[in-house]
Amino acid sequence: LKQGLSEDSQRRLVTNPLRILDSKAPQDRELAAGAPSVVELLEGEDAEHFAAVRRLLDAAGVPYRLDPALVRGLDYYTRTVFEFTCDSLGAQSGVGGGGRYDGLVEMLGGPPTPAIGWAAGVERILLAMAETPPWARPEVFVVCGDGDAAFDLTLELRRHRISAQFDLAGRAFKGQMKQADRSGARFAVILELDGSAKLREMESGDQREVDPAELPAVVIAAREA
């Protein structure tokens, strides 16, 4: 089997075997087509982690396609890798890609640190923006001590075409409010752990109690006022 690989892939078989899946050599592609899928071989914590990533994507309504042959060319990547594409760009549809590299900081002498990163093509993003211009800033920033509740509310606001963000760094309330201010959001939604909520107009500081179920309608009404 090894002798059937290209010269580059024979070398990679020792140094970085996953790169063989990304080879453009005809003999490598033929052999890779008959190999077991990486996704099918996941087990234990890796399988649980990948299932959790897919659940979050499904909950967020983000369309995706599994590509067992997608690999990154650097050894420090771990677990999930990804690529963003834009169909309107034709054959060269990739606009960015990256993945997790949880062991990189430790390899460089630091403490164990979860990490994720990506790179993007600026020119391709600008071309894609011509089709779908993004909002310059969020309309709403969700502040909450429960990350799951903040995630759910952010998704609900986005389903109503309201640009929304929430804290991803585990900040305390004060830090989240500072982040809301830095984001340039017009409103902050302060979601309490008991399920109640307040809507704050960031520029004036005016704040009022709101029913979380009615937040999308309240924000839309305030936008049009």
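Residues numbered from 1 in each chain as written. Predicted model: local features only at pLDDT ≥ 70, side-chain atom pairs only at ≥ 80, totals over all residues. Heavy atoms only, no water.

**Some remarks on the sheet that holds strand β6 (residues 187–191)**
Okay, so step 1: Taking strand neighbours across the sheet as the criterion, the five strands line up as β5-β4-β6-β7-β8 in an open arrangement whose pairing is mixed. Where the open sheet ends on each side, the last strands, each with one partner, are β5 (164–166) and β8 (207–210). Taken pair by pair, the neighbouring strands of this sheet meet at an average axis angle of 25 degrees, ignoring direction.
Okay, so step 2: The pairing of strand β4 (residues 140–144) with β6 spans five bridges and is parallel. By the bridge assignment for β6, valine 140 is matched with phenylalanine 187.
Okay, so step 3: Against the sheet, helix α6 (residues 147–159) touches β4, β5 and β6, its axis set at about 170 degrees to β5.
Okay, so step 4: Across the sheet, helix α7 (residues 173–183) lies against β4, β5, β6 and β7 (197–201), angled at about 175 degrees from β4, the strand it touches most. (Pairing = 2+ DSSP bridges. Helix = DSSP H or I, 4+ residues; strand = E, 2+ residues; numbered from the N terminus. Axes fitted to C-alpha atoms, helices over the stretch in contact; angles between N-to-C directions. Contact = heavy atoms within 4.5 Å.)

**Describing the side chain of arginine 100**
Okay, so step 1: Along the chain, the position of arginine 100 falls in strand β2 (residues 94–100).
Okay, so step 2: Residue contacts for arginine 100: discarding those within four places in its chain leaves His49, Tyr76, Tyr77, Thr78, Thr80, Pro114, Ala115 and Ile116.

**A short note on the nonpolar core**
For soluble globular proteins, nonpolar side chains are generally found buried alongside one another.
Okay, so step 1: If you look at the biggest cluster of nonpolar residues, it comprises 21 residues, and the most contacted ones within it are Val140, Val142, Leu153, Leu157, Leu199 and Leu215.
Okay, so step 2: Counting only elements with at least two residues in this core, the list comes to β4, α6, β5, β6, β7 and α8 (215–224).
Okay, so step 3: No other element matches the five residues that α6 contributes to this core.
Okay, so step 4: Each residue touching valine 140, except ones within four places of it in the same chain, is listed here: Leu157, Ile162, Ser163, Ala164, Gln165, Ala185, Phe187, Val189 and Val219.
Okay, so step 5: Among the nonpolar cores identified, the runner-up in size contains eight residues, and Phe141, Val143, Ala188 and Met202 belong to it. (Core = buried A, V, L, I, M, F, W, Y, C linked by side-chain atoms within 4.5 Å. Buried < 20%, exposed > 50% of the residue type's maximum accessible area, 1.4 Å probe, protein only.)

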